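Listed below, chain by chain, are the residues.
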Amino acid sequence: MLTKRIIPCLDVTGGRVVKGVSFVKLRDAGDPVEMASFYDREGADELVFLDITASSDKRNIMVEVVEKVSRQVFIPLTVGGGLRTVDDMRNILNAGADKVAINTAAVLNPALIEEGAARFGSQCIVLAVDARRVEGKAKRGKGKLALTGGSRWEVHTYGGRQPTGVDAVKWAVEAVRLGAGEILLTSMDADGHQTGYDLELNRAVSRVVGVPVIASGGAGSLAHLYDALVTGEADAVLAASIFHYGTYSIRQAKVYLAERGIPVRL
Amino acid sequence: MITIVDYGASNLSSVAKAISHLGYSATVTSSPKEVAAAKVIVLPGVGAAGDTMSRLGSLGLIAPLVKAVREGKPFLGVCLGLQILFTSSEESGGLDCLNVLPGQVRRLPSSVKVPHIGWNQVRQKAPHDVFKGIPDEAHFYFVHSYYADPDDRSLVVGETEYGVRFASAVARGNLVATQFHPEKSGDWGLMFYRNFFRFAGVR
């Protein structure tokens, strides 16, 4: 049976993982290669690296990180952050990434999804959506993806700083039509609060796209992972804090889910 | 010596890294001559079958690959490297493939999410050296939208369920091919590669 995936997310800047500071077993908690190996040994199903480097001239550091990680870690690697063109995608895939996650560049230029899928296959193209709940019945944006009175979540770009007037659910459907093979769906409302994923958002997207959805943002307990997979109908759960700070191990999370009837790889 | 066929498949570097991690030396090449002279061939692949066939065609690699399989050279196909061994594929509106194994490549049913992405179990249908030390129903990593349906079911050494029960590993003589990605399947995947190279007589 296809298992539900548990995916730790590593935010990287200047070649170092940020957030991850409390591993006692690691000599260097901030080293992406060591952290990747650690999570691999613990049973992570996949790893997501997000390049949060602010300046674009330092982006080639991420290529080196991916190059190193992929020589030692033999599970799927998704890399996102700052990828703007098909050439950017090719560089990071050549370095050893298996998939690329794109958000801002795809919103600005949806054809990038099509071009990427045509060149590397849909399975390589992960659409990252940063979604925030819409207050009231806001109407914003233009065209078929615009927020209408019924819209409940709005897509944000530039690391959550820029509202776009794009309806998150409609955008997910459109991106899949263009060739995205997976949706990495982050609730900006829930992110960092550790009070649980936005289950309604996950379910709303999961029900209308025919590709896997990775729930992201808000994990604070193992029950939250379970809820995202069951109530949120997600295919995978992404988490950072609960794993980085050692609150739970990947193994603990998997045992918890397995005991409740969720198929996982143990 | 292991020869990895380079026609621009995006998992080429992952396959090469896994093989070198195991301590084997491998040549990566797109030269028909070198493929023809190869002792052991690895054919990676991920993405679109039509694109793969046309790239292999324009590089002049189809004839040496078909010849290698017919001659019984040790050969490992991964993902699309499995699918294109068959007669034809439903992908891109119908596509002729290498036709060294009789059978069709079909789209996964719409009752499940496609692509099939993630870790799924491989049920070992027939004993084979490539599974040595790997438990039955171990998990391997899959990423694909199409699956092979061999005419000759005796080729099937591994089966997986996803909306349909499909051949996730096939073998005939010195040929082995997998729908899953051993290079992305952690320890069992690395063991699978090592088993294949031992089976192929690589030191």
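What comes next concerns the included structure. Computed from a predicted model, the values in this text were never measured in an experiment.

About the cut-offs
Residues numbered from 1 in each chain as written. Chains lettered and ligands numbered in written order. Predicted model: local features only at pLDDT ≥ 70, side-chain atom pairs only at ≥ 80, totals over all residues. Heavy atoms only, no water. Helix = DSSP H or I, 4+ residues; strand = E, 2+ residues; numbered from the N terminus. Buried < 20%, exposed > 50% of the residue type's maximum accessible area, 1.4 Å probe, protein only. Contact = heavy atoms within 4.5 Å. Buried area = accessible area lost by both parts, 1.4 Å probe. Salt bridge = Lys/Arg side-chain N within 4 Å of Asp/Glu carboxyl O. Polar contact = N/O pair within 3.5 Å; in protein donor to acceptor, adjacent residues only side chain to side chain. Nonpolar A, V, L, I, M, F, W, Y, C, P; charged D, E, K, R; others polar. Arc of directions from axis to C-beta. Phe/Tyr/Trp six-rings, centres within 6.5 Å; stacked < 30°, edge-to-face > 60°. Lys NZ or Arg CZ within 6 Å of the ring centre and 35° of its normal. Core = buried A, V, L, I, M, F, W, Y, C linked by side-chain atoms within 4.5 Å. Axes fitted to C-alpha atoms, helices over the stretch in contact; angles between N-to-C directions. Parallel < 35°, antiparallel > 145°, perpendicular 65-115°, else oblique.

What about the environment of Pro8(A)?
Residue and element names in this part refer to chain A.
Phase 1 of the analysis: Tracing the backbone through its elements, the reader meets Pro8 in strand β1 (residues 5-13).
Phase 2 of the analysis: Relative accessible area serves as the criterion here: at 0%, Pro8 is assigned to the buried category.
Phase 3 of the analysis: C-alpha separation for the pair Pro8 and Asp45, spaced 37 residues apart in sequence, amounts to 8.6 Å.
Phase 4 of the analysis: Apart from residues no more than four positions distant in its own chain, Pro8 is found in contact with Tyr39, Ala44, Glu46, Leu47, Val48, Ala239, Phe243 and Ile250.

Re the interface of chain A and chain B
Phase 1 of the analysis: Taken together, the contact between chain A and chain B spans 37 residues of the former and 28 residues of the latter.
Phase 2 of the analysis: Surface buried jointly by chain A and chain B totals about 2,400 Å² across both partners, of which 55% is contributed by carbon and sulfur atoms.
Phase 3 of the analysis: Of all residues in chain A, Leu2(A), Phe74(A) and Gln123(A) give up the largest surface area on contact with chain B, accounting jointly for 31% of the area buried on that side.
Phase 4 of the analysis: At the boundary of chain A and chain B, one finds three salt bridges.
Phase 5 of the analysis: Here Asp235(A) ties to Lys113(B) by a salt bridge, and the two come within 3.0 Å at their closest N and O atoms.
Phase 6 of the analysis: There are 16 residue pairs in polar contact (both at pLDDT 80 or more) connecting chain A and chain B.
Phase 7 of the analysis: The set of elements that each furnish at least two residues to the side of chain A that touches chain B consists of α2 (60-72), α3 (86-95) and α5 (111-120) of chain A.
Phase 8 of the analysis: Residue composition of the side of chain A that touches chain B, by class: 16 nonpolar, nine polar and twelve charged.

Focus on helix α8 (residues 222-230) of chain A
All names here are of chain A.
Phase 1 of the analysis: Turning to α8, its buried residues are Leu222, His224, Leu225, Ala228 and Leu229. Along the axis of α8, the buried positions cluster into a sector of 155 degrees, meaning they face one direction only.
Phase 2 of the analysis: Contacts made by the buried residues of α8 are with α7 (199-208), β10 (213-216), β11 (236-239), α9 (241-244) and α10 (250-259).
Phase 3 of the analysis: The residue sitting at the N-terminus of α8 and contributing the capping side-chain oxygen is Ser221; that oxygen lies 3.4 Å from the backbone nitrogen of Ala223.

Digging into the pattern of salt bridges
Phase 1 of the analysis: Within the structure shown, the criterion is met by 29 salt bridges over all chains.
Phase 2 of the analysis: One salt bridge connects Arg140(A) with Glu154(A), and the closest N-O pair in it is separated by 2.4 Å. Remark: Glu154(A) occurs in strand β7 (residues 153-157) and Arg140(A) occurs in the loop between β6 (125-133) and β7; sequence separation between them is 14 residues.
Phase 3 of the analysis: Through salt bridges with shared partners, a single network forms among Glu90(B), Arg106(B), Lys125(B), Asp149(B), Arg153(B), Glu159(B), Glu161(B) and Arg165(B).

Observations concerning the packing of aromatic side chains
Phase 1 of the analysis: This model, assessed by the stated rule, comprises 13 aromatic pairs over all chains.
Phase 2 of the analysis: Both rings, one in Phe131(B) and one in Phe192(B), keep their centres 5.9 Å apart while their planes meet at 70 degrees; by these two values the pair is edge-to-face. On the criterion of sequence distance, the pair formed by Phe131(B) in the loop between β8 (116-124) and β9 (138-144) and Phe192(B) in helix α6 (residues 186-199) is long-range, its members being 61 residues apart. Neither residue differs from the other here; Phe131(B) and Phe192(B) are each classed as buried.
Phase 3 of the analysis: Taken together through their ring pairs, the aromatic side chains of Phe131(B), Phe140(B), Phe142(B), Tyr147(B), Phe166(B), Phe180(B) and Phe192(B) make up a single cluster.
Phase 4 of the analysis: The ring of Tyr256(A) has Arg260(A) sitting right over it, with the charged end atom 3.6 Å from the ring centre.
Phase 5 of the analysis: Its guanidinium or amino end placed over the ring of Trp119(B), Arg265(A) lies 3.5 Å from that ring's centre, counting from NZ or CZ.

Quick notes on the nonpolar core
Phase 1 of the analysis: In this structure, Phe49(A), Ile113(A), Trp171(A), Ile183(A) and Leu225(A) are the most contacted members of the largest nonpolar core, which totals 81 residues.
Phase 2 of the analysis: Looking at which element gives the most residues to this core, the answer is helix α6 (residues 168-178) of chain A, with six residues.
Phase 3 of the analysis: Setting aside its immediate chain neighbours within four residues, Ile183(A) contacts Leu127(A), Val129(A), Ala172(A), Val176(A), Val205(A), Val209(A), Val211(A), Pro212(A), Val213(A) and Ile214(A).
Phase 4 of the analysis: Within the second largest apolar cluster, 39 residues are counted, among which are Leu12(B), Val122(B), Phe180(B) and Phe196(B).

Describing the packing of helix α1 (residues 12-21) of chain B against α6(B)
Residues and elements named next belong to chain B.
Phase 1 of the analysis: Where α1 contacts α6, the two axes come as close as 10 Å, and the packing angle between them is 70 degrees. The angle between α1 and α6 falls in the class roughly perpendicular. Residues Val15, Ala18, Ile19 and His21 of α1 touch α6, and the partners they reach there are Leu190, Tyr193 and Phe197.

By themselves, these are just geometric observations and shouldn't be taken as functional.
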